[in-house]
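Results of the structural survey
This is what each chain is made of:
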Amino acid sequence: MEEKEQKHKRRPRYKGTHPRNYREKYKELNPEKYAETIQKVIEKGSTPAGMHISICVQEILDFLNIQPGQVGLDATLGYGGHTKEMLKCLKGTGHIYGLDVDPIESAKTKKRLTDQGYGEDILTVKLLNFAHVDQVAEEAGKFDFVLADLGVSSMQLDNPKRGFSYKTDGPLDLRMNPEKGVPASERLKEISQEELEGMLVENSDEPYAYEISKEVTDTIRQGGKIETTLDLRRVIEKALLFLPEKEHKEVTKKACQRTFQALRIDINEEYEVLYSFLEKLPSVLKPGGRVAILTFHSGEDRLVKKSFKRFEREGIYSEVCKDVIRPTAQECVKNGRAKCTKMRWAIKA
């Protein structure tokens, strides 16, 4: 019996000029082939699907003052934009180590940089949480410069399968490494109202923490399911129905952003990881070594600021930034995700 001929399946096409579905953005997901489309998306002030636009690149390079032959660390590799610019400064001599806990994106980034000529002779990529920076230093020796960009990569935010965004439907996961730990949907099944309320306050300064935490825990206790990103969004919308109609939409949007942030921080133990990194940081820097850190919300920035000032008082850092550095207005226009960025730096004594 002859096998039936398989019908050719066409890939998803743009619907009109502005596709909304992640899978339909095939041109953005193939930047090498559709460079013109990518440029148009960036010029509009948007981030192309599957890409990440690095923030404060020039400010970082100006401070780190990277010289050929030096050894450095990108503690949060991500899309590799910062790493690529730092590699250029080495001019073929020296080495950079890049760390990331995301096995999906770090593999893509390693291949992308290798294809651009940055092989293992000058770049080492490790699937490792930056809390273990001391382990890398045992192999690499102490570093001349260190960068940590604490933001979530756009590739993670935009991919519905990762569950980082309330804007698109997908599994409520929020794990940086989807192969470890439990997804946010499972975490919510076991959490108490008081614990969730505290999490929302501590991790994202959510003003409606009580109302949201009560609605979430009541929903689950009554047999309701919060398995997807839109499930959680609907529960938050319901929790805030008491607000005036003209305020509801905007307040709900911000509450969703803060709730997803608070859950992500909890699921990935981000504060604990950052604290461990900051404590170990002086021991992995050479005398005169420089570190720059980008933060994206007040909780992160407080931890970095306190750590830098404490080590300066103790004489471990010779100098720390007095004023926070922010992206330029022009950069914020081109990249809306840059608006909440703060950069702080320190120099080892």
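What this report covers is the structure whose coordinates are included nearby. Being a predicted model, the structure only gives us computed values, none of them experimental. (Residues numbered from 1 in each chain as written. Predicted model: local features only at pLDDT ≥ 70, side-chain atom pairs only at ≥ 80, totals over all residues. Heavy atoms only, no water.)

**Side note on helix α13 (residues 298-313)**
Condition: Segments assigned H or I by DSSP are reported as helices when at least four residues long, segments assigned E as strands when at least two residues long, and all are numbered from the N terminus. Any helix carries an expected span of 1.5 Å times its number of residues minus one. Exposure classes here rest on a 1.4 Å probe applied to the protein chains alone. A residue is buried below 20% of its type maximum, exposed above 50%, and partly exposed in between. Working rule for contacts: check all heavy atoms of both residues, and any pair within 4.5 Å makes them a contact.
Here α13 contains 16 residues, and its C-alpha end-to-end distance of 22 Å stays within 8% of the 22 Å for a straight helix at 1.5 Å per residue. For α13, the complete set of buried residues consists of G299, E300, D301, V304, S307, F308 and F311. Those residues of α13 hidden inside the fold are in contact with α12 (270-284), β5 (285-295), β6 (317-320) and β7 (342-348). Of the residues flanking the end of α13, it is G315, one or two places downstream, whose phi is positive at about 80 degrees.

**Topic: empty space enclosed by the protein**
It is a probe the size of a water molecule, rolled over the atoms, that shows where empty space is left. Operational definition: Using protein atoms alone on a 1 Å grid, points that fit a 1.4 Å probe yet trap it form a cavity, whereas open point sets bounded by protein on both sides within 12 Å along at least five of seven lines form a pocket; residues with an atom within 4 Å of a point count as lining. Grid points are joined across faces, edges and corners, and a volume is the space filled by probe spheres set on the points. For this scheme, ten residues count as nonpolar: Ala, Val, Leu, Ile, Met, Phe, Trp, Tyr, Cys and Pro. Four count as charged, namely Asp, Glu, Lys and Arg, and the remainder, Gly too, count as polar.
Following the criterion strictly, the structure yields one cavity of 30 Å³ or more and no others. Roughly 40 Å³ of volume is contained in the largest cavity. Forming the walls of the largest cavity are K305, F308, K309, V320, C321, R344 and W345. Secondary structure elements with two or more residues in the lining of the largest cavity: α13 and β7. No other element matches the three residues that α13 contributes to the lining of the largest cavity. Classifying every residue of the lining of the largest cavity by side-chain character gives four nonpolar, no polar and three charged.

**A short note on the packing of helix α2 (residues 57-64) against helix α3 (residues 81-90)**
Applied cut-off: Simply put, an axis is a line fit to the C-alpha atoms, just over the touching stretch for a helix, and the angle between two N-to-C directions goes from 0 to 180 degrees. Put simply, angles under 35 degrees are roughly parallel, angles over 145 are roughly antiparallel, angles from 65 to 115 are roughly perpendicular, and the rest are oblique. Left-handed describes a crossing whose near helix is turned anticlockwise from the far helix by less than a right angle; the clockwise case is right-handed.
Taken N-terminus to C-terminus, the directions of α2 and α3 make an angle of 40 degrees; their axes are 11 Å apart at the nearest point. Here α2 lies oblique to α3, going by the angle between them. The handedness of the crossing between α2 and α3 is right-handed. Across the interface between the two elements, V57, I60, L61 and L64 of α2 pack against H82, E85, M86 and C89 of α3. Its residues assigned to classes, the contact of α2 with α3 shows six nonpolar, one polar and one charged.

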